[in-house]
Amino acid sequence: MSNLPESSGSPLVVLGKIVSVHGIRGSVKVKSDTDPLDNALDYPEWILRKGDQTHSIKVLDGRVQSRVLVVNLEGVTDRDQALELVGSEICVAEAALPDLDTGEYYWHQLEGLQVITVQGQLLGLIDHLLETGSNDVMVVKPCEGSLDQRERLLPYLPDLYVKSVDLQAGVMQVDWDPEF
C-alpha cells in the first residue's frame, strides 16, 4: 500500500467497508454499498480509509459471494495482512464516479440537503437514504429552524413528491404535508 497524496483534490465517496477476512491467502470480505454489489469492482484502485489514515491499493479481482464481495488486493497475500485492513472504508475520488443524467443524483449528494415543503416549511436535513423494495426513502432529521423535532421518512419519488433539487443551494423542495 502507498500513502495517498494529500493533494488528490476530489472529495472521497465511500463505496463500502472491509468487514472481515476470507480464508488464509489474504482475501477480504467487503460490504458494498453500490448497486449492484459488484459495481465496487469497476474501480481498479481503491482508497482505504481507517481512522485518519488513507492508502491507495489496487484491486486484483473479486466476486459476489452471498451478500458480500470477496476481493483480492495487491500486496495482501496472507490472513494477517488482510486482518489489518478490516474496518477500512473503501473510497474512490468523487471525480471517478460516472456522470449521471440530468435530474439523477448519487445518494451522497442528497445527504445533508435541507428539505423544504412547497409551502416553505423546513422539515429538516436528509440524514441518509434507505433502499426499499418499491422506492428509496429519505430519512429526514430535524435541525435548527425545522418545523418540529420529528424524524420523517419521505419517499424519494421525483415524479410525485420531490419537486426540485438544488445542490448548490443545499435544498430539496418537496410536495409533502408535514402533518402526514
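For the structure, check the block above.
Below is a summary of the structure that appears in this document. (Residues numbered from 1 in each chain as written. Predicted model: local features only at pLDDT ≥ 70, side-chain atom pairs only at ≥ 80, totals over all residues. Heavy atoms only, no water.)

**A closer look at the sheet that holds strand β10 (residues 136-141)**
Part 1 of the argument: On the basis of which strands lie adjacent, the open sheet formed by six strands has the order β11-β10-β9-β8-β13-β12 and mixed pairing. Since the sheet does not close on itself, it has two edges, and those belong to β11 (152-155) and β12 (162-166), each with one partner. Direction aside, neighbouring strands of the sheet carry axes that sit 35° apart on average.
Part 2 of the argument: When β12 meets strand β13 (residues 171-174), the two strands line up antiparallel, connected through four bridges. Looking at the pairing, Ser164 lines up with Gln173 of β13. (Pairing = 2+ DSSP bridges. Helix = DSSP H or I, 4+ residues; strand = E, 2+ residues; numbered from the N terminus. Axes fitted to C-alpha atoms, helices over the stretch in contact; angles between N-to-C directions.)

**As for unusual backbone geometry**
Part 1 of the argument: At the junction of Asp35 and Pro36, the peptide bond is cis and its omega measures out at 0° in the coordinates.
Part 2 of the argument: In the Ramachandran plot, Ser66 falls in the positive-phi region, its phi being about 60° despite a non-glycine side chain.
Part 3 of the argument: Structurally, Ser66 is set in the loop between β5 (53-65) and β6 (68-73).
Part 4 of the argument: By relative accessible area, Ser66 is classed as exposed at 70%. (Buried < 20%, exposed > 50% of the residue type's maximum accessible area, 1.4 Å probe, protein only.)

**As for the packing of aromatic side chains**
Part 1 of the argument: Taken as a whole and assessed by the stated rule, the structure comprises one aromatic pair.
Part 2 of the argument: Aromatic side chains Tyr161 and Trp176 sit 5.1 Å apart centroid to centroid with 75° between the ring planes, which places their arrangement in the edge-to-face category. Note that Tyr161 is positioned in the loop between β11 and β12 and Trp176 in the segment after β13, a separation of 15 residues in sequence.
Part 3 of the argument: Given a relative accessible area of 26%, Tyr161 falls into the partly exposed group. (Phe/Tyr/Trp six-rings, centres within 6.5 Å; stacked < 30°, edge-to-face > 60°.)

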